[in-house]
Amino acid sequence: EASDWVGPADATDYYAFRITERQAVTIGLDGLSADADINLEGADGTNLLSGTNTDTEAEALTATLDPGTYYLNVYPAGSEATEYRVTVAGAPAAPPPPDHAGNTPEEAGTIERVGPQAVTIKDWVGFTDRDDYWRFTLANRADVTIRLTMDQGDADIDLLRASDQESLISGAESGTDPEELQLRLDPGTYLLRVYSYQGDTPYTLEAKAVPAK
């Protein structure tokens, strides 16, 4: 744990911590007299998770993290200064599930034979595997339906044209609400990007293409 203060004259405090094995990490921010928030960031500065409690409510973040260096950014959420206490605790975490998708468009996994019968894929995204890419090809013009379901966390989805990676349609439902994309597509190759918005998220992806009349 560590204690300090933030306010208009000291608008951000950073702390670094390092873990040497996969850990289930719990981060707390409390002891507040005014509103302050906290972000968990990766070694490259990517924001992994944010606390959003209001006023002087304590913040609590949980994340399963792979070995590496991480940063905590504590900052005032209003115009008043506040003292605070930040805590970090870790416990051993289970190994991540197998990852069958590529993390870049060039490494995208392949969804075979997308047609009138839905093809189902199961995988996951999370703090340490933020993007999954899947590729599929249409031989004929078709009405395509993509459905993403999840039981925990929060993931979103984009449908992109493979040739220039232009986004054609996106889903951004909150929480575990299902995402569904529907679009008429010409023959060609397309990419589905499933990406983590909040927490580790096992997901089921269904793809269906009905020949357009």
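Right, let's walk through the structure included here. Within any chain, residue numbers begin from 1 and follow the written order of that chain's sequence. It should be noted that, the model being predicted, local features are given only for residues of pLDDT at least 70 and side-chain atom pairs only at 80 or more, the latter also being counted only at that level, while totals for whole chains, interfaces and linings use all residues. To get the side-chain values, take all heavy atoms of the structure and skip hydrogens and water.

As a further point, take the pattern of salt bridges. Should a side-chain nitrogen of Lys or Arg be within 4 Å of a carboxyl oxygen of Asp or Glu, the pair is scored as a salt bridge. Throughout the structure, instances matching the rule amount to 10 salt bridges. The partner of Glu180 in a salt bridge is Arg147, and the shortest N-O contact between them spans 3.2 Å. Of the two residues, Glu180 sits in strand 15 (residues 179-185) while Arg147 sits in strand 12 (residues 142-150), which places them 33 residues apart along the sequence. When a residue's accessible area, from a 1.4 Å probe over protein chains only, is under 20% of the maximum for its type it is buried; when over 50% it is exposed; and in between it is partly exposed. Using a relative accessible area of 31% as the deciding quantity, one classes Arg147 as partly exposed. The partner of Arg193 in a salt bridge is Asp158, with the nearest N and O atoms 3.6 Å apart. Within this pair, whereas Arg193 is found in strand 16 (residues 188-198), its partner Asp158 is found in strand 13 (residues 154-161), the two being separated by 35 residues in sequence. Overall, the relative accessible area of 21% leaves Arg193 in the partly exposed class. Taking the relative accessible area as the measure of exposure, Asp158 reaches 11% and is therefore buried. Within the structure, one salt-bridge network assembled from shared partners comprises Glu1, Asp30 and Arg85. Strands here mean DSSP runs of E at least two residues long; helices mean DSSP runs of H or I at least four residues long; both are numbered from the N terminus.

Any two rings among Phe, Tyr and Trp, with Trp reduced to its six-membered ring, count as a pair given centres within 6.5 Å; such a pair is stacked if its planes are under 30 degrees apart, edge-to-face if over 60, and tilted if neither. One pass over the structure, following the stated rule, counts 3 aromatic pairs. A ring is considered to have a charge above it if a Lys NZ or an Arg CZ atom is located within 6 Å of its centre and within 35 degrees of its normal. Taking the ring centre of Tyr195 as reference, the NZ or CZ of Arg193 above it sits at 4.0 Å.

With that settled, the discussion passes to the environment of Gln165. Positionally, Gln165 belongs in the loop between strand 13 and strand 14 (167-171). A residue is classified by how much of its surface remains accessible, and Gln165, at 38% relative accessible area, is partly exposed. Between the C-alpha atoms of Gln165 and Tyr190, which are 25 residues apart in sequence, the distance is 8.4 Å. We call two residues contacting when some pair of their heavy atoms lies within 4.5 Å. When residues no more than four places from it in sequence are discounted, the contact partners of Gln165 are Pro105, Glu106, Leu160 and Leu191.

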